[in-house]
Amino acid sequence: MKKLLSLGLLGATLSGFTGMASAQDSQLDLIAKGKLVATAADCQACHTNPEGGKPFSGDYAIHSPMGTIYTTNITPSKQFGIGNYTLQQFSRAVREGVRPDGENLYPAMPYTSYSHMSDEDIQAMYAYFQLGVKPVEQPTKPTALPFPFNMRIAMAGWNLMYLDSSAFKPDPTKSEQWNRGAYLVNGAGHCDTCHTPRNLMMGEVTSKPLAGGMVGPWYAPNISSDPISGIGNWTQAQLVEYMKTGRTLGKNQAAGPMAEAVQNSLQYLPESDLNAIAFYLKNSTPVRDPADQKAADSFGSKQVNVEEGLRGAHPSNANNTIIGGAALFSGYCASCHQPDGGGSKNQAYPSLYNNTATGLNNASNLISAILYGVDRQVGDQHVLMPKFGEGSYVGQLTDAQIADISNYVLTNFGNADIQVTSHDVAVLRAGGPVTLLAKLQPFMAPAMGVGVIIVLALIFWLFSRRKNRRR
């Protein structure tokens, strides 16, 4: 009897340990899923300062048309991060853009897309940030936009107009792959946030989904299925290759925010998710820009060698000869992109023809690549093009010089109908186009003051009139 009792107790104990191990495994699985969701959502790109910041500790400056927005610490630090957030508070911040203290977040945090994320993904991501991320005890710079953009309460009205908080609902008439792609593009992956144009109030123009828009000094191109303005002439395999590596021969190379997306997010997604995104984009609503006559990657050819027009143009001892687009291109670009614009054999330095950066109707990406360079780490491959803007270690070029180089490249290798001016470069050097709303900002406070005076004067006039009638 004693032996049987001992065996029974042992069995109960082993059963308890099995249950604990099972619960532990379940929690580890949830954290692992949360890491994948956070990767798909590209949280690291914005919440990690590339200048030596610790993962998810924030303090990354986002230059918006309204001013500079500093990202927050989202590590589980209880003092500086989100360590005290409940699941409900975390969900509300991510999907509704409202902090636990009731203050509204700015839509530089893409909660307008995250609003469509599932409860399961939010719960997994919460588990990851609370249990799978190391806390960083570091404060971040406070965001201080100019008046009236510093009035976060105004975002409540903006949300009423532009926040669609409905949960993602699979389309039963579409395939599982299409629905997964739709969820990633318009939800967790928030491709729509950057690639959809914005209106005066900085809300998405929903009638032109994925039709392209400015993101600071960079242009997020049209990625709808249109074969001329969008990615309709790309194969699904090319789209997957681009997302996984940051480049596709004869198409495009990721730079700026897209390089960050590839580096921190897309290269780590499973092949099935990349194929789902590509499949959805290939079958999305096509949006054509009437100004586009042919696909951006179809411009240019290997016909011009810059050196042929420069040899013997000046005596060997002449000074100050690097002037004009051709000479500047020869001096600063040809060593990598080759005198004929064909790029290196392995295309680590890409061709300047059959390249969307030089073929688009918007030359912002060509200009910004020169101003800010290209820096992209994919696996063990580090792609680096030095910047020629402020603080360049190669050569700091003026707005006029960058305009000259851009026009030489466009004329000989890209869309010759596009001309770049010094003013175009200056705008992108300053952070990108300023919206009308931002331009009106200096006049808003005086206008509101005048409005208050007018209202007070009207009240005083009505009061005086009523008083005179009583007499």
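Along every chain, residues carry numbers that run from 1 in the direction the sequence is written. Only residues with pLDDT of at least 70 are given local features in this predicted model, and only at 80 or more are side-chain atom pairs given and counted; all residues enter the totals for whole chains, interfaces and linings. With hydrogens and water set aside, each side-chain value is computed from the structure's full complement of heavy atoms.

Asks: Is there a simple way to think about the side chain of Ser 330 in this case?
Replies: Along the chain, Ser 330 falls in helix H12 (residues 324–332). Polar contacts involving the side chain of Ser 330 include one to the side chain of Glu 307, which spans 2.7 Å. To qualify as a helix, a DSSP run of H or I must reach at least 4 residues; to qualify as a strand, a run of E must reach at least 2; elements of each kind are numbered from the N terminus. By the criterion applied in these results, polar contacts are pairs of N or O atoms within 3.5 Å in which, for protein atoms, one can donate a hydrogen and the other can accept it, and in which residues neighboring in sequence qualify only through two side-chain atoms.

Asks: Could you clarify how one ought to interpret the packing of helix H16 (residues 399–413) against helix H17 (residues 422–429) in this entry?
Replies: Each pair of packed helices can be summarised by the angle the axes make with each other and by the distance between the axes. Lines fitted to C-alpha atoms define the axes here, with helix axes fitted over just the stretch in contact, and angles between the N-to-C directions of these axes take values from 0 to 180 degrees. As a packed pair, H16 and H17 sit with axes 8 Å apart at the nearest point and diverge in direction by 115°. Taken together, the axes of H16 and H17 are roughly perpendicular relative to one another. Relative to H17, the crossing made by H16 is right-handed. Residues Asp 399, Ala 400, Ile 402 and Ala 403 of H16 pack against Ser 422, Val 425, Ala 426 and Arg 429 of H17. Here the word oblique covers every angle except those under 35 degrees (roughly parallel), over 145 (roughly antiparallel) and from 65 to 115 (roughly perpendicular). Helix crossings are classified by the rotation of the near helix relative to the far one: an anticlockwise turn of less than a right angle makes the crossing left-handed, while a clockwise turn makes it right-handed. In this analysis, two residues are considered to be in contact whenever any of their non-hydrogen atoms come within 4.5 Å of each other.

Asks: Would you take a moment to explain the nonpolar core for this structure?
Replies: As a rule of thumb, nonpolar side chains are buried together in soluble globular proteins. As used in this record, nonpolar core signifies buried Ala, Val, Leu, Ile, Met, Phe, Trp, Tyr and Cys residues forming a set joined through side-chain atoms within 4.5 Å. Partly exposed residues are those whose accessible area sits between 20% and 50% of the maximum for their type, while under 20% is buried and over 50% is exposed, using a 1.4 Å probe and protein chains only. If you look at the biggest cluster of nonpolar residues, it comprises 49 residues, and the most contacted ones within it are Phe 90, Met 125 and Phe 129. Mapped onto this core, the elements with two or more residues apiece are helix H1 (2–40), helix H3 (87–96), helix H5 (119–132), helix H7 (176–188), helix H9 (236–245), helix H10 (256–264) and helix H11 (271–282). When sequence neighbours within four positions are dropped, the list of residues in contact with Phe 90 reads Ile 82, Tyr 85, Ile 122, Met 125, Tyr 126 and Phe 129.

Asks: Hey, could you run me through the pattern of salt bridges in this one?
Replies: Working definition: two side chains of opposite charge can pair if their charged atoms are close together. The salt bridge criterion pairs a side-chain nitrogen of Lys or Arg with a carboxyl oxygen of Asp or Glu, the two atoms within 4 Å. Scanning the entire structure with this criterion turns up 12 salt bridges. Residues Arg 180 and Asp 273 are paired through a salt bridge, measuring 2.9 Å at the closest nitrogen-oxygen approach. Placement of Arg 180 in helix H7 and of Asp 273 in helix H11 is noted, with a sequence separation of 93 residues between them. With relative accessibility at 6%, the residue Asp 273 sits in the buried group. Close ionic contact of Arg 198 with Glu 204 constitutes a salt bridge, the shortest N to O distance being 3.7 Å.

Asks: Help me understand the state of the cysteines, please; the structure alone is not making it clear to me.
Replies: Covalently bonding the sulfur atom of one cysteine to the sulfur atom of another cysteine gives a disulfide. For this text, the term disulfide refers to a pair of cysteine sulfurs within 2.5 Å. Counted according to the given criterion, the structure contains 0 disulfides. Between Cys 194, a cysteine without a disulfide, and Cys 46, which holds the nearest cysteine sulfur, the sulfur-to-sulfur distance is 8.2 Å. Not engaged in a disulfide, the cysteine Cys 333 finds its nearest cysteine sulfur in Cys 336; these two sulfurs lie 8.7 Å apart.

Asks: Any chance you could explain a nonpolar patch on the surface here in plain terms?
Replies: Taken together, the side chains of Met 161, Leu 200, Met 201 and Leu 436 present a nonpolar region at the surface, about 380 Å² in accessible area. Assignment of secondary structure puts Leu 200 in the loop between helix H8 (191–195) and strand S3 (213–215). Note that patches include only residues with greater than 30% relative accessible area and no salt bridge, and the join distances are 9 Å for like charges and 5 Å for nonpolar side chains (Val, Leu, Ile, Met, Phe, Trp, Tyr). The protein chains shown are the only cover counted for residues, whose accessible areas, like all others here, come from Shrake-Rupley with a 1.4 Å probe.

Asks: Looking at this structure, how should I read the environment of Gln 130?
Replies: Position of Gln 130 among the secondary structure elements: in helix H5. You can call Gln 130 buried: its relative accessible area is 18%. Separated by 56 residues in the primary sequence, Gln 130 and Ile 74 have C-alpha atoms spaced 9.3 Å apart. Once you skip the residues sitting within four places of it in the chain, Gln 130 turns out to touch Pro 76, Ile 82, Gly 83 and Tyr 85.

Asks: What should I look at first to understand the pairing of strand S8 (residues 381–385) in this one?
Replies: Residues in a regular strand project their side chains so that they alternate between the two faces of the sheet. DSSP-based pairing: two strands are paired if at least 2 bridges between them are found. Bridge analysis of strand S7 (residues 374–378) against S8 gives 5 bridges, and the strand direction is antiparallel. When the bridges of S8 are listed, Gln 377 appears paired with His 382. Adjacent in sequence and paired antiparallel, S7 and S8 are bridged by 2 residues, among which Gly 379 carries a positive phi angle near 60°.

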